[in-house]
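Each chain is listed here by its residues.
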2 protein chains.
Amino acid sequence: MRTVQVDLQDRSYPIYIGTGLLDQPELLRRHIPGNSALVVTNETVAPIYGTRLAAALDGLRTETVAIPDGEQFKNLETANLVYDALLANRMDRQTTIIALGGGVVGDLAGFVAATYQRGVHFIQVPTTLLALVDSSVGGKTAVNHPRGKNMIGAFHQPRCVLADVRTLESLPDREYRAGIAEVIKYGLIMDYGFLQWLERNMSALLAREPDAMVHAVEQSCMNKARVVAADERETGQRALLNLGHTFGHAIETATGYSEWLHGEAVAAGMCMAAHMSRELGWISDSALRRARALIAEAGLPVEPPAMTAEQFMALMSVDKKVEHGRIRLVLLQGLGNATVTADFPVEALETTLTAFTHQAA
Amino acid sequence: MRTVQVDLQDRSYPIYIGTGLLDQPELLRRHIPGNSALVVTNETVAPIYGTRLAAALDGLRTETVAIPDGEQFKNLETANLVYDALLANRMDRQTTIIALGGGVVGDLAGFVAATYQRGVHFIQVPTTLLALVDSSVGGKTAVNHPRGKNMIGAFHQPRCVLADVRTLESLPDREYRAGIAEVIKYGLIMDYGFLQWLERNMSALLAREPDAMVHAVEQSCMNKARVVAADERETGQRALLNLGHTFGHAIETATGYSEWLHGEAVAAGMCMAAHMSRELGWISDSALRRARALIAEAGLPVEPPAMTAEQFMALMSVDKKVEHGRIRLVLLQGLGNATVTADFPVEALETTLTAFTHQAA
């Protein structure tokens, strides 16, 4: 087992990474201060891991809420079902909410933990690669509003994260690969050594070899933890984690958040950001080729769906990251070295959009 | 104008207390970092102060949401109306939410400010005495759930509080007196000098003389700020602020939160707590008489409505302040000196309940 410590003063917490951790109850138990717990999971995950988690919680007063599976249920109405369960079972301020599932379950359960009685204890047991390497680090919680994703939320750090890579065995291949997009991201933005490791070990990672998964999750969490420790509330450096995301959100919005998985959109978005970095002369042709090749090897898209440059510009201009009307982007200054900037000639963006898009009819 | 500084490291903020402060735009403006604001108010307050606040915000992009007046609207559905308004008007992370109204408006607007895009700036302009002396200090925000009051919330400190006592001129007499219950509370729990001042100046305060109101609000805020600075998240000393509240909540619940105002229930509850403190031999007969006389002079109830001791015990046992099955109470060890304890013989509580209640039929 590896442990990554997320360093946030009195909100610091460990991420335990390994195989079969769900069968080690003491890992969880030492982080549950009270005598009750509410497990929030979804209808897909509950039948697979619910029983093992329940066994690990034996002796505690435990209740379970299984929410419907899907991003469309990440809203206040579903959060209200969890509040109902907490109150119906008289869970007090000392209770611990445990999220067992992917990003939707983690974000929603975390939001409820942040707001129930002004905050109760929270533990994450992520079961998707995306949740293991992304949403389990950093304390962002949220639900969606009909007018925008993640518009209602809070920062609320868990007491621990139990990252059992064995839970990834049941993950559909497409979702697994979408998670790898975020793994590659950490290499591209801040860790050249890890990027090289990914270039050498992508096939082992795709084959879900346990050692490869543990290493990839550990390096991803370490890198994210480093960024979050420096900028917990996203006032600056944390925006680095958005490499490919502004392009990616435009793709997700244009396709109605249904055809493209988040990681797939980010993958194409990272290729666009790398292309633009090359246009600016910040990275070489060879660096661009390597980034693109790694993303392709992971079976991820290297270009967006059929969209126009105008569509991209319109959608990117309403992104949350826009400040004072200027689009801020995460761009590469080298492999393993990214920067957040609004300081670029708009022509570079236009060239990239033209290269990746189709003419309007 | 007086200024009370609430000392919470990087979340510190000033409370400006005086008459006619709503007509001093610069007080507000220096605490609004962006160029937009959303005013949350209610249908009663909006017609009286809405225009003056709008004038103070001249030049900013300002929108107003008037929610229905009443505790029954302090819920997630109403919060959703405010989220709607924020998103429909494309308010971004730099926006400031301004609560103009009493406790319901402040608690709900504060909760939205705590959770919109994971937290935006917040300013309070309280217009009831209770809100001026209680909910404007400490950063507690919340909405109610059908199964319990204030069950969904967050800690979120405002950037400033504008306490214009002139807004109290329009307050119905009964609500004004209910606010005085909390003012007396500060004297009883931690400030003997202020308690003496209240004994000498209650008639001026009841007559709403501006100087008396400013002094009472200032001393109340100073005392509360002192407690909150020592214990922002209510893990210990902050519970002192609940003098009379465990008894009071039982009264409010028994009467369906409709007949008794919160401050009235707290007033009767403080008399019960003082009585019990005398039973324990912690305060003298004369101290009990003085506490009771001051509460009576404010026109507040000194005993609960017709309830049985069994009712009290049942309702007090489900209070949020119960830990490990023991009822914790705030009791007096002297005038201006309170303690939080579960360490008392249950007979003392029973004696007090018997003295204040009626036999079951």
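Thresholds applied
- Residues numbered from 1 in each chain as written.
- Chains lettered and ligands numbered in written order.
- Predicted model: local features only at pLDDT ≥ 70, side-chain atom pairs only at ≥ 80, totals over all residues.
- Heavy atoms only, no water.
- Helix = DSSP H or I, 4+ residues; strand = E, 2+ residues; numbered from the N terminus.
- Rg over C-alpha atoms; globule rule 2.2 N^0.38 Å.
- Buried < 20%, exposed > 50% of the residue type's maximum accessible area, 1.4 Å probe, protein only.
- Contact = heavy atoms within 4.5 Å.
- Salt bridge = Lys/Arg side-chain N within 4 Å of Asp/Glu carboxyl O.
- Phe/Tyr/Trp six-rings, centres within 6.5 Å; stacked < 30°, edge-to-face > 60°.
- Lys NZ or Arg CZ within 6 Å of the ring centre and 35° of its normal.
- Polar contact = N/O pair within 3.5 Å; in protein donor to acceptor, adjacent residues only side chain to side chain.
- Pairing = 2+ DSSP bridges.
- Axes fitted to C-alpha atoms, helices over the stretch in contact; angles between N-to-C directions.
- Expected span 1.5 Å × (residues − 1).
- Domains from an automatic or database assignment.
- Buried area = accessible area lost by both parts, 1.4 Å probe.
- Parallel < 35°, antiparallel > 145°, perpendicular 65-115°, else oblique.
- Nonpolar A, V, L, I, M, F, W, Y, C, P; charged D, E, K, R; others polar.
- Least-squares fit on C-alpha atoms with pLDDT ≥ 70 in both.

(A) Quick look at the overall build of chain A. Each helix and strand in chain A was counted, giving 13 helices and 11 strands. The C-alpha atoms of chain A give 20 Å as radius of gyration, which agrees with the globular expectation for 361 residues (21 Å, within 12%). For chain A, the C-alpha atoms occupy an extent of roughly 60 × 40 × 35 Å along the three principal directions. Counting all 361 residues of chain A, 61% fall into the buried class. Considering only contacts within chain A whose residues lie at least 6 apart along the sequence, 76% involve residues at least 24 apart.

(B) Looking closely at the pattern of salt bridges. Residue and element names in this part refer to chain A. Taken as a whole, this structure holds 32 salt bridges over all chains when the rule is applied. Arg52 is the partner of Asp23 in a salt bridge, and the nearest nitrogen-oxygen pair spans 3.2 Å. With Asp23 in the loop between strand 2 (13-18) and helix 1 (25-29) and Arg52 in helix 2 (residues 46-56), this residue pair connects regions lying 29 residues apart in the sequence. The exposure class of Asp23 is partly exposed, given its relative accessible area of 45%.

(C) Geometry of the environment of Asp211 of chain A. In this structure, Asp211 of chain A sits in helix 8 (residues 210-230). Counting along the chain gives 126 residues from Asp211 of chain A to Asn337 of chain A, while the straight-line C-alpha distance between them is 26 Å.

(D) Summary view of the packing of aromatic side chains. Residue and element names in this part refer to chain A. Under the counting rule described, the total for this entry stands at 2 aromatic pairs over all chains. Seen in terms of ring centroids, Phe194 and Trp197 are 6.0 Å apart; in terms of plane orientation they differ by 20°. Their pairing is stacked. Of the two residues, Phe194 and Trp197 both sit in helix 7 (residues 192-206), 3 residues apart, roughly one turn of that helix. One residue, Lys185, lies across the ring of Tyr186, its end atom 4.9 Å from the ring centre.

(E) Looking closely at the interface of chain B and chain A. Between chain B and chain A, the residue contacts involve 30 residues of the former and 30 residues of the latter. Linking chain B with chain A are 0 salt bridges, by the criterion used here. Inspection of the region where chain B meets chain A yields 8 residue pairs in polar contact (both at pLDDT 80 or more). Of the residues forming the side of chain B that touches chain A, the biggest block, 7 residues, is contributed by helix 3 (residues 76-88) of chain B.

(F) Region of interest: the sheet that holds strand 1 (residues 2-6) of chain B. Residue and element names in this part refer to chain B. Strands sit in the order 1-2-9-6-5-3-4 across an open sheet of 7 strands; the sheet is mixed. Because the sheet does not close on itself, it has two edges, and the strands there are strand 1 and strand 4 (61-67). Sheet twist, expressed as the mean angle between neighbouring strand axes with direction ignored, is 15°. Note: strand 3 (residues 36-42) against strand 5 (residues 96-101), 5 bridges, orientation parallel.

(G) Representation of helix 4 (residues 103-115) of chain A. Residue and element names in this part refer to chain A. Here helix 4 spans 18 Å end to end across 13 residues, near enough to the 18 Å set by a 1.5 Å rise per residue. Of all 13 residues in helix 4, 12 are buried; the element is thus mostly enclosed. Backbone geometry just after helix 4 places Gln117 at a positive phi near 50°.

(H) Summary view of the side chain of Thr352 of chain A. Residue and element names in this part refer to chain A. For Thr352, the location among the structural elements is in helix 13 (residues 346-356). Side-chain polar atoms of Thr352 contact the side chain of His275, separated by 3.0 Å. Contacts of Thr352, omitting those with residues within four sequence positions, involve Met272, His275, Met276 and Glu279.

(I) A look at the domain arrangement of chain A. Residues and elements named next belong to chain A. Segmentation of chain A into domains returns domain 1 (2-170) and domain 2 (173-360). Taking only C-alpha atoms into account, the centre of domain 1 sits 27 Å from that of domain 2. At the junction of the two partners, domain 1 supplies 28 residues and domain 2 supplies 29 residues. Summing the contributions of domain 1 and of domain 2, the shared interface buries around 2600 Å²; its carbon and sulfur component is 67%. For the domain 1 face of the interface with domain 2, the top three residues by lost area are Leu129, Val133 and Phe155, together amounting to 23%.

(J) A look at the sheet that holds strand 4 (residues 61-67) of chain A. Residue and element names in this part refer to chain A. In spatial order, the strands read 1-2-9-6-5-3-4; together these 7 strands make up an open sheet with mixed pairing. In the strand order of this sheet, the two ends are held by strand 1 (2-6) and strand 4, each with one partner. If you compare each strand with its neighbour and ignore which way they point, the axes differ by 15° on average. For strand 3 (residues 36-42) and strand 4, the ladder comprises 7 bridges, and the chain directions are parallel. Paired with Asn42 across the strands is Ile67, a residue of strand 4. This element, helix 4, spans strand 3, strand 4, strand 5 (96-101) and strand 6 (121-126) of the sheet and lies at about 170° to strand 5. Along the sheet, helix 8 contacts strand 1 and strand 2; its crossing angle with strand 1, the most-contacted strand, is approximately 15°.

(K) Examining the packing of helix 9 (residues 245-254) of chain B against helix 12 (residues 309-317) of chain B more closely. Residues and elements named next belong to chain B. Their axes nearest at 9 Å, the elements helix 9 and helix 12 cross at an angle of 105°. In terms of their interaxial angle, helix 9 and helix 12 are classed as roughly perpendicular. Residues Thr246, Phe247, Ala250, Ile251, Thr253 and Ala254 of helix 9 pack against Gln311, Phe312, Leu315 and Met316 of helix 12. In terms of residue class, the contact of helix 9 with helix 12 is built from 7 nonpolar, 3 polar and no charged.

(L) Broad picture of the relation of the copies chain B and chain A. Rotating chain B by 180° and translating it 0.0 Å along the rotation axis places it on chain A, where the RMSD comes to 0.0 Å. The operation mapping one copy onto its partner corresponds to a two-fold rotation axis. Across chain B, the smallest distance between a C-alpha and the rotation axis is recorded for Leu76 of chain B, namely 4.1 Å. Both copies present the same face, since 100% of the interface residues in chain B are matched by interface residues at the equivalent positions in chain A.

(M) Structural view of the side chain of Gln117 of chain A. Residues and elements named next belong to chain A. Looking at where Gln117 falls in the secondary structure, it is placed in the loop between helix 4 and strand 6. Looking at Gln117, the relative accessible area reads 10%, which means it is buried. Among the polar contacts listed, one links the side chain of Gln117 to the side chain of Tyr116, at a separation of 3.4 Å.

(N) Region of the structure containing the packing of helix 10 (residues 262-279) of chain B against helix 11 (residues 285-297) of chain B. Residues and elements named next belong to chain B. Across the interface, helix 10 lies against helix 11 with an axial gap of 9 Å and an inter-helix angle of 175°. Of the possible angle classes, the one that applies to helix 10 and helix 11 is roughly antiparallel. Listed contacts from helix 11 to Ala267, Met270, Cys271, Ala274, His275 and Arg278 of helix 10 are Asp285, Leu288, Arg292 and Ile295. Of the residues in the contact of helix 10 with helix 11, the class split is 6 nonpolar, 1 polar and 3 charged.

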